[in-house]
Amino acid sequence: MMKLLRPRLITFDVTGTLLMTKLEEHYVEIGSQHGLSVDPRKLARSFKNSFYRLSVEHPVYGKHTGIGWENWWRQIVHNVFKDQHNYISDATLDKVANSLIRCYGTSMCWHKYPGTIELLEYLQKKDLILGIISNFDERLVAILEDTRIRFYFSFVLTSYDFGVEKPNTLIFDEALRLTKERHSIDITPQQAIHIGDSVSNDYIGAKNANWNAILVQHDNDAINEKKVPTKDVFRNLRDLRLHLTNLLDRDM
């Protein structure tokens, strides 16, 4: 068994880890502002299907296929609403999409999970470098600033800016390179921990890059213990803070 070195770098995923959204609520509310009523359950299903399909057809939010992130999200909104109202004009759907794209670039559509600030405050007081590794588009820095957590992080590494998505190990390698560039220190993968909510993107991606990894599952979904040992799974950020306190405050 690999001996755990004292961590020097901790990186976080953002959505579903530190920040949450009430997708159905925001889509229903903004749809109704444009005279569209939608069934929230159908909407959630349509969103999931459309997100998956577009991620395959236009990975990294359309960066490499030329459509760009704004049109990528515009297409999702069109698909989601057309699943319930196929008669709506594209002009109306563009207005809905523009409103949602604006909302999702601010704290209006993103909310901190309970325990986020306490966790980041604790880690900031330790001799640690904190960073972000997120499959996200160009709005992420603005979102982190608007939700008032940007200043905790040395760097914000998004798949859109870098051009490669988690679980590709190159994005984890880039985080180590950024750390060296900003702090002039070499950190090995074994001295890094990545924390996120996706088994494949965050946990397995980090492990494949030889990092330590922690899975946060706020929604209490069942976890395949063959893929993720129970000791690496936390159901909320308060429990995670207790775990990290035990890890960082003891002699390692």
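Residues numbered from 1 in each chain as written. Predicted model: local features only at pLDDT ≥ 70, side-chain atom pairs only at ≥ 80, totals over all residues. Heavy atoms only, no water.

All right, on to the state of the cysteines then. Enumeration according to the criterion identifies one disulfide in this entry. One disulfide in the model links Cys-103 with Cys-109; its S-S distance is 1.9 Å. Across the S-S bond of Cys-103 and Cys-109 the torsion is about 95 degrees, and the bridge reads as right-handed. The class of Cys-103 is buried, set by a relative accessible area of 6%. Residue Cys-109 is classed as buried on the basis of its relative accessible area of 0%. (Disulfide = S-S within 2.5 Å. Buried < 20%, exposed > 50% of the residue type's maximum accessible area, 1.4 Å probe, protein only.)

Bringing the pairing of strand S5 (residues 155–158) into the picture now. Residues of S5 alternate between two faces, with Phe-155 and Leu-157 on one and Val-156 and Thr-158 on the opposite face, all of them buried. Across four bridges, the pairing between strand S4 (residues 129–134) and S5 is parallel. Across the sheet, Gly-131 pairs through a bridge with Phe-155, a residue of S5. The handedness of the S4 to S5 crossover, carried by helix H7 (residues 140–146), is right-handed. (Helix = DSSP H or I, 4+ residues; strand = E, 2+ residues; numbered from the N terminus. Pairing = 2+ DSSP bridges. Right-handed = clockwise from strand over helix to strand, strands pointing away.)

Moving on, we come to helix H9 (residues 169–183). Between its terminal C-alpha atoms H9 stretches 21 Å, which fits the 21 Å expected from 15 residues at 1.5 Å a residue. Regarding H9, the residues found buried are Ile-171, Phe-172, Glu-174, Ala-175, Leu-176, Leu-178 and Thr-179. Two or three places before Leu-170, at the opening of H9, Asn-168 has a side-chain oxygen 2.9 Å from that residue's backbone nitrogen. Following H9 by one or two positions, Ser-184 has its phi on the positive side, about 55 degrees. (Expected span 1.5 Å × (residues − 1). Polar contact = N/O pair within 3.5 Å; in protein donor to acceptor, adjacent residues only side chain to side chain.)

In terms of residue burial, strand S7 (residues 212–216) counts as a mostly covered element, since five of its five residues are buried. Neither face of S7 is left uncovered, since the one carrying Asn-212, Ile-214 and Val-216 and the one carrying Ala-213 and Leu-215 both have all their residues buried. Judged from the four bridges that link them, strand S6 (residues 192–196) and S7 form a sheet pairing that is parallel. If you follow Ile-193 over to S7, its bridge partner there is Asn-212. Once the chain exits S6 it traverses helix H10 (residues 199–208) before rejoining the sheet at S7, and the crossover so formed is right-handed. Bridge count for S7 against strand S8 (residues 233–234) is two bridges, and the pairing is parallel. From the neighbouring strand, Val-216 faces S8, where its bridge partner is Phe-234.

With that settled, the discussion passes to the pattern of salt bridges. Tallied over the full model, the rule gives ten salt bridges. Lys-166 is the salt-bridge partner of Asp-13, the closest N and O atoms lying 3.0 Å from each other. Of this pair, Asp-13 sits in the loop between strand S1 (9–12) and strand S2 (19–20) while Lys-166 sits in the loop between helix H8 (159–162) and H9, and the two are 153 residues apart along the sequence. The pair Asp-13 / Lys-166 is uniform in exposure class, with both members buried. Residue Asp-186 is joined to Lys-180 by a salt bridge in which the shortest nitrogen-to-oxygen separation is 3.2 Å. (Salt bridge = Lys/Arg side-chain N within 4 Å of Asp/Glu carboxyl O.)

Mapped onto the elements of the fold, His-64 is located in the loop between helix H3 (59–62) and helix H4 (68–82). Judged by its relative accessible area of 53%, His-64 is exposed. A polar contact of 2.7 Å, which involves the side chain of His-64, links it to the backbone oxygen of Gly-163.

Once that is clear, we can look at the nonpolar core. In this structure, Phe-12, Tyr-27, Phe-81 and Leu-123 are the most contacted members of the largest nonpolar core, which totals 58 residues. Two domains each donate at least three residues to this core, and these are domain 1 (9–18 + 113–250) and domain 2 (21–109). Apart from residues no more than four positions distant in its own chain, Phe-81 is found in contact with Tyr-27, Gly-31, Leu-36, Val-38, Ile-88, Leu-93, Val-96 and Leu-100. Ranked by size, the runner-up nonpolar core spans 21 residues in total, among them Ala-175, Leu-178, Leu-215 and Val-228. (Core = buried A, V, L, I, M, F, W, Y, C linked by side-chain atoms within 4.5 Å. Domains from an automatic or database assignment. Contact = heavy atoms within 4.5 Å.)

With that out of the way, let us pick up the environment of Lys-48. Looking at the element boundaries, Lys-48 is found in helix H2 (residues 40–57). The spacing of Lys-48 and Val-80 is 32 residues in sequence and 9.3 Å in space, taken between C-alpha atoms.

Attention now moves to the domain arrangement of the protein. What the domain assignment lists for the protein is domain 1 (9–18 + 113–250) and domain 2 (21–109). Of the roughly 1,200 Å² buried at the junction of domain 1 and domain 2 (both faces included), carbon and sulfur atoms supply 54%. For domain 1, the biggest contributors to the area lost against domain 2 are Arg-139, Tyr-160 and Glu-165; these three give 49% of the whole. Where domain 1 packs against domain 2, one counts zero salt bridges. Counting across the interface, domain 1 meets domain 2 through nine residue pairs in polar contact (both at pLDDT 80 or more). For the side of domain 1 that touches domain 2, the elements supplying multiple residues, two or more each, are H7 and H8. A class-by-class count of the residues in the side of domain 1 that touches domain 2 yields four nonpolar, four polar and six charged. (Buried area = accessible area lost by both parts, 1.4 Å probe. Nonpolar A, V, L, I, M, F, W, Y, C, P; charged D, E, K, R; others polar.)

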